[in-house]
Amino acid sequence: MQKTFKITSEDGIHARPATALVNTANKFKSEVFAESGGRKVTMKSILGVLSFGLEPGDTITFLSSGEDEAEVMAALEDIMVKEGLGDLHE
């Protein structure tokens, strides 16, 4: 399962929102990854997420697989949208 978001926050994805995303991913059993700029990292590592250096206009794709993949994807989408970090990008 995957969803792509376009970064809309003028600050991009910095430490505080990255921590919220990683903490959320760690609550689930499914494997969760993020892809951006041709690189792929686990969503369970703050350093991995910060290494993207995401700025406004960039895109990030979350990929999940496992028994609770739909739940983790919904939780990540909730953070991205409610915190004003990004919008679902088709």
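For the structure, see preceding data.
Structure report, in brief. Small disclaimer: the values here were computed from a predicted structure and weren't measured. (Residues numbered from 1 in each chain as written. Predicted model: local features only at pLDDT ≥ 70, side-chain atom pairs only at ≥ 80, totals over all residues. Heavy atoms only, no water.)

**Observations concerning the side chain of S30**
Thought 1: By the element assignment, S30 lies in the loop between α1 (15-25) and β2 (31-36).
Thought 2: If near-sequence neighbours (up to four positions away) are discounted, S30 is found in contact with K44, S65, G66, E67, D68, E69 and V72. (Helix = DSSP H or I, 4+ residues; strand = E, 2+ residues; numbered from the N terminus. Contact = heavy atoms within 4.5 Å.)

**Section: the pairing of strand β1 (residues 2-7)**
Thought 1: Across 5 bridges, the pairing between β1 and strand β4 (residues 59-65) is antiparallel. Looking across to β4, one finds that T4 is bridged to T61.
Thought 2: Examined bridge by bridge, β1 and strand β5 (residues 86-88) share 3 bridges and lie antiparallel to one another. Residue pairing in the sheet places F5 in a bridge with L88 of β5. (Pairing = 2+ DSSP bridges.)

**Examining the sheet that holds β4**
Thought 1: Reading across the sheet, the 5 strands line up as β3-β2-β4-β1-β5 and stay open at both edges, with antiparallel pairing between neighbours. Looking at which strands have only one partner, the edges of the open sheet turn out to be β3 (39-42) and β5. Sheet twist, expressed as the average angle between the axes of neighbouring strands with direction ignored, equals 30 degrees.
Thought 2: Relative to the sheet, helix α3 (residues 69-82) contacts β1, β2, β4 and β5, its axis offset from that of β4 by approximately 155 degrees. (Axes fitted to C-alpha atoms, helices over the stretch in contact; angles between N-to-C directions.)

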